Amino acid sequence: MPRTLILYMGSFLLAGGLMACADAPPPSATARLAADAGTPSSEVEDDEREEFQQEILSDIEKVDTFLQKTQRGVNLSEFTLGWFAMILINELCAQDQDLYDHVHAEGRNVELYLRGPFQANPKGEIATLAILARKSNAPIRLAARHALQSLTTIPDSRDSAERQERSRADLYAALTKLKLELTRVAKEAMATKANP
């Protein structure tokens, strides 16, 4: 993990007033909200599925941009990649109850998860998501895993040119895997929409 990732994670508290994303409700809340509003849950689910699909397609475009910059030798900032990962994990948690429960354990939000368990043990958290992916819902859980992996490979501009190049290669690999899984997530969302 880059030396400055710790500083970056700490900066989220300072930027708290600027937070653009609220934590998503757990997936099980969807049916309750629909029932409370008197809306058939199938309509709410269709709308949420469509919104989720659009979010993932937008995320794929962002990953494409990150890949292009990385390939050109540009070091992505920890803030840019970290902010993206936080929002993405939040989106994914809203679709997967077990992922939501893991990230939000002990009342945490995604930011506190990244600053706490992930920062303390990135390899352990990445491994945990790989284990969860083997149980079910692999594309969503692997996308979250690769988002975390990308945070551990951010090049540090204070490192030697060779080390930065290796870090960019590792980041490129993690982002490529993330794009693959996000593409699978989007395809599954489209298939579910077509065949409810």
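Small disclaimer: the values here were computed from a predicted structure and weren't measured.

Novice: Let's hear about the confidence of the model for the protein: which residues, and what values?
Specialist: Counting all residues, the mean pLDDT for the protein is 84, and 77% of those residues have values of 70 or more. Within the model, the stretch residues 31-41 combines pLDDT values under 50 with 4 contacts to residues more than four positions away or in other chains.

Novice: Describe in detail helix 6 (residues 110-120), supporting the description with residues and values.
Specialist: Every buried residue belonging to helix 6 is among Val110, Glu111, Tyr113, Leu114 and Phe118, and all of these are buried. The arc that holds the buried residues of helix 6, viewed along the axis, is 150°, so those residues lie on one side. The N-terminus of helix 6 is capped by Asn109, whose side-chain oxygen sits 3.2 Å from the backbone nitrogen of Glu111.

Novice: Let's hear about the side chain of Glu181: which residues, and what values?
Specialist: On the secondary structure map, Glu181 appears in helix 9 (residues 161-194). Excluding residues within four positions of it along the chain, Glu181 makes contact with Ala138, Pro139, Leu142, Ala143 and His146.

Novice: Which residues make up the packing of helix 4 (residues 78-93) against helix 8 (residues 138-151), and what are the values?
Specialist: With their axes 10 Å apart at the nearest point, helix 4 and helix 8 run at an angle of 165° to one another. As summarised for this structure, helix 4 and helix 8 are arranged roughly antiparallel, according to the angle between their axes. Handedness of the helix 4/helix 8 crossing: left-handed. Between helix 4, through Leu81, Gly82, Ala85, Leu88, Ile89 and Leu92, and helix 8, the contact on the second element is made entirely by Ile140, Ala143, Ala144, Ala147, Leu148, Ser150 and Leu151.

Novice: Outline the pattern of salt bridges, listing residues and values.
Specialist: For the coordinates displayed, the defined rule picks out 6 salt bridges. The salt bridge involving Asp96 is made with Arg141; its shortest N-O contact spans 2.7 Å. Residue Asp96 is found in the loop between helix 4 and helix 5 (97-103), and its partner Arg141 is found in helix 8; the two are separated by 45 residues along the sequence. Each member of the pair, Asp96 as well as Arg141, is classed as buried. Between Arg158 and Asp156 there is a salt bridge, and its shortest N-O distance comes to 3.1 Å. Where salt bridges share partners, they join Asp96, Asp98 and Arg141 into one cluster.

Parameters at a glance
Residues numbered from 1 in each chain as written. Predicted model: local features only at pLDDT ≥ 70, side-chain atom pairs only at ≥ 80, totals over all residues. Heavy atoms only, no water. pLDDT = per-residue confidence, 0-100. Contact = heavy atoms within 4.5 Å. Buried < 20%, exposed > 50% of the residue type's maximum accessible area, 1.4 Å probe, protein only. Helix = DSSP H or I, 4+ residues; strand = E, 2+ residues; numbered from the N terminus. Arc of directions from axis to C-beta. Polar contact = N/O pair within 3.5 Å; in protein donor to acceptor, adjacent residues only side chain to side chain. Axes fitted to C-alpha atoms, helices over the stretch in contact; angles between N-to-C directions. Parallel < 35°, antiparallel > 145°, perpendicular 65-115°, else oblique. Left-handed = near helix turned anticlockwise from the far one by under 90°. Salt bridge = Lys/Arg side-chain N within 4 Å of Asp/Glu carboxyl O.

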